[in-house]
Amino acid sequence: MDQQIEVLRAEALAEIGAVTDRASLDAARVRFLGKSGAVTSLSEGMRNVAKDDRPRFGKLLNDLRQAVSTALEAREIRLLEESDAAAVSSLDLTLPGTFAQSGTLHPLTQLMNRAVMCFRRMGFAIADGPDIETEWHCFDALNTPPDHPARNEQDTFYLPDGRLLRSHTSTVQIRVMENTPPPVRIIAPGAAYRRDEVDATHLAQFTQMEGLYVAEDVSLADLKGTLEFFFRELFGPGTELQFRPHFFPFTEPSYEIDIRAEALGNQWMELAGCGMVDPAVFEAVCERRGDRVYDPETVTGFAFGFGLDRLAMNLAKIPDIRMLVENDLRFLKQF
Ligand code: DAH
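Residues numbered from 1 in each chain as written. Predicted model: local features only at pLDDT ≥ 70, side-chain atom pairs only at ≥ 80, totals over all residues. Heavy atoms only, no water.

Caption draft 1: Summary view of the packing of helix α5 (residues 107-121) against helix α10 (residues 309-316). Viewed as axis vectors pointing N to C, α5 and α10 meet at an angle of 105°, and their least axial separation amounts to 9 Å. As judged from the angle between their axes, α5 and α10 are roughly perpendicular. Where α5 abuts α10, its residues P107, L108, L111 and R114 lie against D309, L311, A312 and L315. Its residues assigned to classes, the contact of α5 with α10 shows six nonpolar, no polar and two charged. (Axes fitted to C-alpha atoms, helices over the stretch in contact; angles between N-to-C directions. Helix = DSSP H or I, 4+ residues; strand = E, 2+ residues; numbered from the N terminus. Parallel < 35°, antiparallel > 145°, perpendicular 65-115°, else oblique. Contact = heavy atoms within 4.5 Å. Nonpolar A, V, L, I, M, F, W, Y, C, P; charged D, E, K, R; others polar.)

Caption draft 2: A look at the domain arrangement of the chain. As assigned here, the chain comprises domain 1 (2-87) and domain 2 (107-332). Using only C-alpha atoms to locate each centre, domain 1 and domain 2 end up separated by 90 Å. (Domains from an automatic or database assignment.)

Caption draft 3: Spotlight on the nonpolar core. Among the nonpolar cores identified, the biggest contains 36 residues, and F119, L227, F230, F231 and F306 are the most heavily contacted of them. Mapped onto this core, the elements with two or more residues apiece are α5, β5 (205-215), α8 (220-235), β6 (240-248), β7 (251-260), β8 (269-277), β9 (300-307) and α10. Not counting residues up to four positions away in its chain, the partners in contact with F230 are A115, C118, F119, M122 and F306. Core analysis: the next-biggest nonpolar cluster, separate from the first, contains 23 residues, A127, A141, V285 and C286 among them. (Core = buried A, V, L, I, M, F, W, Y, C linked by side-chain atoms within 4.5 Å. Buried < 20%, exposed > 50% of the residue type's maximum accessible area, 1.4 Å probe, protein only.)

Caption draft 4: Local environment of the pattern of salt bridges. Scanning the entire structure with this criterion turns up 27 salt bridges. With a closest N to O distance of 2.8 Å, R175 and E133 form a salt bridge. Of the two residues, R175 sits in helix α7 (residues 171-179) while E133 sits in strand β2 (residues 132-133), which places them 42 residues apart along the sequence. Salt-bridge contacts for R151 lead to E135; the nearest nitrogen and oxygen are separated by 2.8 Å. Of this pair, R151 sits in the loop between α6 (135-138) and β3 (164-165) while E135 sits in helix α6, placing them 16 residues apart in sequence. (Salt bridge = Lys/Arg side-chain N within 4 Å of Asp/Glu carboxyl O.)

As structure tokens, this is what we get:
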């Protein structure tokens, strides 16, 4: 019996060790440990063993069963490892992965955000108005008479009902004052439209930023200080500004601002319009509101407006304004 056990152990371990797939492993399990397996039938032989020898054989048989189980388990793990390794053997884990591409903000949006943050620090709130406007908000209320060239049908897009696409964001000045009593201190970034022939420097839709500050004693010095601070924040402390007298219907006096900055290529650029809000604008607002809170005898204010497209172009050295709207990834990925 001792010898039988030894032979069976050697046979079982050898066979299990040589198994190379799952099915043969299961077959080996049945062959040795199954109900009519070799180990089981050997156990049945215990009946013929002398009573005194039974405990010793029982222990030997138990050891055998244990050894076969352990060998089966070890082999099973090994087979699993091998099949896992085979499954990934064609993968090169050292290859670079697939990157999720994250986008960036459009250069125009980046500039707008910077401008907005700067004005917010000075206490300006963001105001908004519709792109489709009435003639009154776009022109009449802004002291722009019907015979003014800006009102020419060729200059602006008119809708059949007489409304138009706003030709500047100055409309938001009127919208804000109509709805809010002074003091008001707002900026209004947004789209403006003109019937321009599209070329490298013109689009029919462009982006402007309007500003308005109305209170009881707003002065020209406030206007100058605010815009100087703003443009130096945006383009660096060495930025030079020049306020050149000009004419706008809705401000008096009015100025154009020229600016020279390292970041803009160190050449003088005509950049913005500004001035002190014309009393006629306040009168138009008072009439619409039906009260006198914007009486030009009690409030003063300054306004300014500038285009963001040309600024963004100069900052990022973009040669053609159309690149801003073509959505070409080769262009956009550079920002
Ligand atoms: N609306 C003017 C334009 O589109 C820009 C402008 C000039 C706005 C002077 C103002 C201003 O508020 O005071 O050219």
